[in-house]
Amino acid sequence: MAYKNSLITGITDLLVLSMLDRQDSYVYEITKSISDNSDGLLSISHNTVYTATYKLEEENMISEYSKLVGKKRTRVYYHLEPRGKEHLKKISSDYSKMTEGVRRVLASLGGDANE
């Protein structure tokens, strides 16, 4: 199960950083966007996204700021920092290579990786 957890963590980091590369966002919005844009195939919990944002913030890849929404409600937004942008480039490349490698192995075994 440790392998599955590290895979989920890596994918979560990739998705969070990719979303923040487009615009600043908050955890609920990130979680909903992941579910909506994957047509429900990816369901990553708020807790998993919070864990990822805490770790990424600790590593100076993202920063947070509070924004008043409504009269009394404050929402915490996350912002992609230059270090996070560089990390995103690396993990995006790693992900592409990994998925292409898996696709090729499955294709060589006679299975269609796209089915």
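Quick caveat: nothing in here was measured; it's all calculated off a predicted structure.

Cut-offs and rules
Residues numbered from 1 in each chain as written. Predicted model: local features only at pLDDT ≥ 70, side-chain atom pairs only at ≥ 80, totals over all residues. Heavy atoms only, no water. Phe/Tyr/Trp six-rings, centres within 6.5 Å; stacked < 30°, edge-to-face > 60°. Helix = DSSP H or I, 4+ residues; strand = E, 2+ residues; numbered from the N terminus. Buried < 20%, exposed > 50% of the residue type's maximum accessible area, 1.4 Å probe, protein only. Lys NZ or Arg CZ within 6 Å of the ring centre and 35° of its normal.

**Q** How would you summarise the packing of aromatic side chains if you had to cite specific residues and measurements?
**A** Counting across every chain of the model gives three aromatic pairs. Between the aromatic rings of Tyr26 and Tyr77, the centroid separation amounts to 5.3 Å while the plane-to-plane angle is 75°, which identifies the pairing as edge-to-face. With Tyr26 in the loop between helix H1 (2-22) and helix H2 (27-37) and Tyr77 in strand E2 (residues 73-80), the pair connects residues that are 51 residues apart, well separated along the chain. Each member of the pair Tyr26 and Tyr77 is classed as buried. The ring of Tyr77 carries the charged tip of Lys67 above its face, separated from the ring centre by 5.2 Å. The ring centre of Tyr26 lies 4.0 Å from the NZ or CZ of Arg75, which sits over that ring.

**Q** Explain unusual backbone geometry to me, using residue names and the numbers behind them.
**A** For Asp39, which is not glycine, the phi torsion reads 55° and is therefore positive. Relative to the elements of secondary structure, Asp39 occurs in the loop between H2 and helix H3 (46-58). At Asn60, a residue that is not glycine, the phi angle is positive and equals roughly 60°. Position of Asn60 among the secondary structure elements: in the loop between H3 and strand E1 (62-69). By relative accessible area, Asn60 is classed as partly exposed at 48%.

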